[in-house]
Amino acid sequence: MFKAIAVAVALAASTAVAGAQGTSTYKSAVKPAAKPAAQSTTKRHATVKKADTQASLKKEAKVSEATARATALKEVPNGVVKSSELEREGGKLIYSYDITVPGKTGIDEVNVNAIDGTVVAKQHETPKAEKAEAVKEAKEKKATKK
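Residues numbered from 1 in each chain as written. Predicted model: local features only at pLDDT ≥ 70, side-chain atom pairs only at ≥ 80, totals over all residues. Heavy atoms only, no water.

Glancing now at the side chain of aspartate 98. Its location among the elements puts aspartate 98 in strand 2 (residues 92-100). Setting aside residues no more than four positions away along its own chain, aspartate 98 makes contact with Val80, Val81, Lys82, Ser83, Ile107, Asp108 and Glu109. (Helix = DSSP H or I, 4+ residues; strand = E, 2+ residues; numbered from the N terminus. Contact = heavy atoms within 4.5 Å.)

Listed below in structure tokens is the structure:
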């Protein structure tokens with residue numbers, strides 16, 4: 001008998017605690033109202049990703065463009081910077097440099113972290129790969145304007 005009373009007290013205490021925490025094991029027999037047959041065709045609030053502007057990216061960067069350029073050029077001896085940009089890629093803020101080397105086809109792309117100045121990536125792109133990347137970037141740019 002004492003065991004039954006102890007179980008009843010423990011059950012009552014746990015129910016009281018669950019009720020105080022806003023949870024309950026009680027399930028309502030009332031069913032939620034059915035959804036209306038016709039859904040509205042108007043769009044709800046669209047999630048808009050804030051576009052990074054060059055000014056906002058420059059404010060975030062801890063490493064100067066000159067320092068990042070020097071770091072990139074150390075990776076490619078005798079290289080000349082063909083183009084550069086500050087961008088967010090893979091969640092990281094980077095300076096991206098396309099560097100050409102006299103007598104060598106294609107470009108070497110060097111990415112430098114704009115926060116700590118480390119080289120994030122370095123790869124050689126053949127002229128064919130470079131052209132394919134330019135086409136891809138143009139499509140992405142066109143898609144973001146819509």
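There's plenty left to go through after this.
What follows deals with the pattern of salt bridges. Note that side chains of opposite charge can pair when their charged atoms are close. Inspection of every chain in the model, using the stated rule, returns four salt bridges. Lysine 82 is the salt-bridge partner of glutamate 130, the closest N and O atoms lying 2.8 Å from each other. With a gap of 48 residues between them, glutamate 130 in helix 4 (residues 127-145) and lysine 82 in strand 1 (residues 80-89) connect regions that are remote in the sequence. Take lysine 82: its relative accessible area is 51%, and that puts it in the exposed class. The shortest N-O distance in the salt bridge between lysine 104 and aspartate 108 comes to 3.4 Å. Assessed through its relative accessible area of 5%, aspartate 108 is described here as buried. (Salt bridge = Lys/Arg side-chain N within 4 Å of Asp/Glu carboxyl O. Buried < 20%, exposed > 50% of the residue type's maximum accessible area, 1.4 Å probe, protein only.)

Attention shifts here to the confidence of the model for the protein. Of all residues in the protein, 64% attain a pLDDT of 70 or more, and the chain-wide mean is 77. Within the protein, helix 1 (residues 2-20) has the poorest average pLDDT of any element, 48, and helix 3 (residues 65-75) the best, 97. Confidence drops under pLDDT 50 across residues 16-26; counting only partners more than four residues distant or on other chains, this segment forms one contact. Contacts of residues 44-48 to residues separated by more than four positions or lying in other chains number zero contacts, the stretch itself having pLDDT below 50. (pLDDT = per-residue confidence, 0-100.)

On the surface, Glu85, Glu89, Glu137 and Glu140 cluster together into a negatively charged patch. Of all the secondary-structure elements, those providing two or more residues to the negative patch are strand 1 and helix 4. Looking at where glutamate 137 falls in the secondary structure, it is placed in helix 4. The exposure class of glutamate 137 is partly exposed, given its relative accessible area of 40%. (Patch = residues over 30% accessible without salt bridge, like charges linked within 9 Å, V, L, I, M, F, W, Y side chains within 5 Å. Areas by Shrake-Rupley, 256 points an atom, 1.4 Å probe, with all protein chains shown as cover. Lys, Arg positive; Asp, Glu negative; His and termini not counted. Charge placed at Lys NZ, Arg CZ, Asp CG, Glu CD.)

Here we come to the pairing of strand 4 (residues 119-125). The sheet contact formed by strand 3 (residues 107-113) and strand 4 spans six bridges and is antiparallel. Its bridge partner being in strand 4, isoleucine 107 is matched across the sheet by glutamate 125. The antiparallel hairpin formed by strand 3 and strand 4 contains five residues in its connecting segment, where glycine 117 sits at a positive phi of about 80°. (Pairing = 2+ DSSP bridges.)

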